[in-house]
Amino acid sequence: MTTNGHPDVLKIGDFTLSSRLIMGTSRYPNPRVMLDALEASGTELVTVAIRRVNLQDTSEERFLELLKPYRCLPNTAGCYTAKEAVLVAQLAREALETHLIKLEVIGDDETLLPDVEQLLRAAKELVDDGFSVMVYANDDPITCRKLADLGCAAIMPLASPIGSGQGLVNPYNLALIRDIIRDTPLIVDAGIGTASDAARVMELGYDGVLLNTAVSDAQHPVTMAAAMRRAVEAGRLAFLSGRMPRRTYAQASSPMEGRIGG
């Protein structure tokens, strides 16, 4: 996408992306649907849960082979402590030869919300170890500010719990996070349910959207992936355009001067 004749790119660490939509790769009915959905989304970056992928699998059809057209973003899904997350990240770096990592440290199986104490600890260790850390966080401005101060490459607050599809349950907090964090990319991760959710996120000034279930669990995943692509692009353009001011009273769009009988 271009704006004013210039490419509108997303920079995360030393990576540059043309698409602002990042896609997950789980829960699809089959690999063909997944690949078609990824193509329809226009994404360049896809997440892979390293703890759920057999990195020793050498068959021609292994999962990672299917994703070769895309840049892989390994994630630490399924980790509950900083120690676990750091180990998984280090294994991913060796196996996939990338220092880009999506950091998740989950507090419990019911909410899948981040454990803030363990998350901050893991983020610091990984940043100090040379990783470009994209970190999944609560929609808490203080936590997000601390993660940005640690040097994370991108902060990714949730819109609502993972896989819930509830959309933006606390847009005020998301707007506040954007207001206080200006120097680090912000990407909403988790809770997106439909295209209007993605557009709304981008209209708040966020730099991107990461989603999975909204597409993989849709009745027609490929069509929904195309909708998400357009929603992210539309929301981004709307934000860059600057919306009209909200007014208490109506304001005629046609000139009042020169009316017949006036």
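Rules behind the numbers
Residues numbered from 1 in each chain as written. Predicted model: local features only at pLDDT ≥ 70, side-chain atom pairs only at ≥ 80, totals over all residues. Heavy atoms only, no water. Core = buried A, V, L, I, M, F, W, Y, C linked by side-chain atoms within 4.5 Å. Buried < 20%, exposed > 50% of the residue type's maximum accessible area, 1.4 Å probe, protein only. Contact = heavy atoms within 4.5 Å. Axes fitted to C-alpha atoms, helices over the stretch in contact; angles between N-to-C directions. Helix = DSSP H or I, 4+ residues; strand = E, 2+ residues; numbered from the N terminus. Parallel < 35°, antiparallel > 145°, perpendicular 65-115°, else oblique. Left-handed = near helix turned anticlockwise from the far one by under 90°. Nonpolar A, V, L, I, M, F, W, Y, C, P; charged D, E, K, R; others polar. Disulfide = S-S within 2.5 Å. Pairing = 2+ DSSP bridges. Right-handed = clockwise from strand over helix to strand, strands pointing away.

(A) Spotlight on the nonpolar core. Counting residues in hydrophobic clusters, the biggest one holds 64 residues, and the most contacted among them are M23, L103, I192, V209, V215 and M228. Apart from the residues lying within four places of it in its own chain, the contact partners of L103 are T76, A85, L119, A122, A123, L126, V133, M134, V135 and Y136. Within the second largest apolar cluster, 14 residues are counted, among which are L10, F15, L100 and L210.

(B) Layout of the packing of helix α4 (residues 116-128) against helix α5 (residues 141-149). Two numbers describe how α4 lies on α5: the axes approach to 10 Å, and their chain directions differ by 15 degrees. As the angle between them shows, α4 and α5 are arranged roughly parallel. With respect to the hand of their crossing, α4 and α5 are arranged in right-handed fashion. In this structure, α4 uses V116, L119, L120 and A123 to contact α5, whose residues at the interface are T143, K146 and L147. Each residue belonging to the contact of α4 with α5 can be placed in one class, and the counts come to five nonpolar, one polar and one charged.

(C) Representation of the environment of M134. As for its position among the elements, M134 is in strand β9 (residues 132-137). By relative accessible area, which is 0% here, M134 ends up buried. Remark: the alpha-carbon pair of M134 and S160, spanning 26 residues in sequence, is separated by 18 Å. M134 has contacts with I12, I22, L45, L73, L100, I101, K102, L103, A154, M156 and I187, leaving out every residue within four places of it along the chain.

(D) Highlighting the environment of A77. By the element assignment, A77 lies in the loop between β7 (71-75) and α3 (82-96). A C-alpha to C-alpha distance of 7.2 Å links A77 and V105, two positions 28 residues apart in sequence.

(E) Quick peek at the state of the cysteines. Throughout the structure, instances matching the rule amount to zero disulfides. With no disulfide partner, C72 has as its closest neighbouring cysteine sulfur the one in C79, 17 Å distant. Distance from the sulfur of C144, which forms no disulfide, to the nearest cysteine sulfur (C152) is 9.9 Å. When its relative accessible area of 0% is taken as the criterion, C144 is described as buried.

(F) Fine view of helix α1 (residues 31-41). Among the residues of α1, V33, M34, L35, A37, L38, A40 and S41 are the ones counted as buried. Buried residues along α1 sit against β5 (21-23), β6 (45-49), α2 (63-66), α8 (213-216) and α9 (221-241). Backbone geometry just after α1 places G42 at a positive phi near 75 degrees.

(G) Up close: the pairing of strand β10 (residues 154-157). Going residue by residue along β10, you find A154 and M156 tucked away on one face and I155 and P157 tucked away on the opposite face as well. Bridge count between β9 and β10: four bridges; the pairing is parallel. Within the sheet, the bridge partner assigned to A137 lies in β10 and is P157. Taking the sense of rotation as the criterion, the β-α-β connection linking β9, α5 and β10 turns out right-handed.

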